[in-house]
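Observations on the model geometry
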Amino acid sequence: QKEYGEENVLVVNMNDDQTTTVKKFLNLVGTDMLPPAEYPWEELEDFDAAYQNKAYEGRSSAYTSFPLEMKLLEEYYSTYNEDLAELLGEYFPLEWNVEL
């Protein structure tokens, strides 16, 4: 934040729909670079499938396979996630501390 300026940093909630995320990105880089009317909104669903790891079972599977490690990670990152949530004025980083 200090090096780049708060107005030049974007942290997205990966649980947001893709349209919301893309709109946030376009607002950050400036709509003169790619006007929203020119963005291929109808292709967003295709991008999701193309870049998705089909073998990934979701974060909840890590709690089953590696319960101790996940607990250690939660404890380690909880303070950082709280600081990030406060800085962003958003709740979603706090959700990273919770088993799904």
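Look a little higher up for the structure.
Given the structure is predicted, the values throughout are model-derived calculations rather than measurements. (Residues numbered from 1 in each chain as written. Predicted model: local features only at pLDDT ≥ 70, side-chain atom pairs only at ≥ 80, totals over all residues. Heavy atoms only, no water.)

**Things to note about the overall build of the protein**
When helices and strands are counted, the protein shows five helices and zero strands. The long-range fraction of contacts in the protein, counting pairs at least 24 apart against all pairs at least 6 apart in sequence, stands at 38%. Put simply, the protein shows about 8100 Å² of open surface, and 54% of that area lies on carbon and sulfur atoms. (Helix = DSSP H or I, 4+ residues; strand = E, 2+ residues; numbered from the N terminus. Contact = heavy atoms within 4.5 Å. Areas by Shrake-Rupley, 256 points an atom, 1.4 Å probe, with all protein chains shown as cover.)

**A short note on the layout of surface pockets**
As a volume, the second largest pocket reaches approximately 270 Å³. As for the second largest pocket, its lining consists of 11 residues, of which Val9, Leu10, Val11, Leu87 and Leu88 are closest to the centre. If one sorts the elements of the lining of the second largest pocket by residue count, helix α4 (residues 67-88) sits on top with three residues. Within the lining of the second largest pocket, the residues separate by chemical class into seven nonpolar, one polar and three charged. (1 Å grid on protein atoms, 1.4 Å probe; cavity = no way out; pocket = protein on both sides within 12 Å on 5 of 7 lines; lining within 4 Å. Points joined across faces, edges and corners; volume = space filled by probe spheres on them. Nonpolar A, V, L, I, M, F, W, Y, C, P; charged D, E, K, R; others polar.)

**A closer look at helix α1 (residues 18-29)**
With 12 residues, α1 ought to run about 16 Å at 1.5 Å a step, and its terminal C-alpha atoms sit 16 Å apart, in line with that. Sitting at the head of α1, aspartate 17 places a side-chain oxygen 3.1 Å from the backbone nitrogen of threonine 19. A positive backbone phi angle near 105° is found at glycine 30, which sits one or two residues after α1. (Expected span 1.5 Å × (residues − 1). Polar contact = N/O pair within 3.5 Å; in protein donor to acceptor, adjacent residues only side chain to side chain.)

**Focus on the pattern of salt bridges**
Scanning the model with the defined rule gives one salt bridge in all. Lysine 24 serves as the salt-bridge partner of aspartate 16, at 3.2 Å between the closest nitrogen and oxygen. Classification of aspartate 16 as partly exposed rests on a relative accessible area of 25%. (Salt bridge = Lys/Arg side-chain N within 4 Å of Asp/Glu carboxyl O. Buried < 20%, exposed > 50% of the residue type's maximum accessible area, 1.4 Å probe, protein only.)

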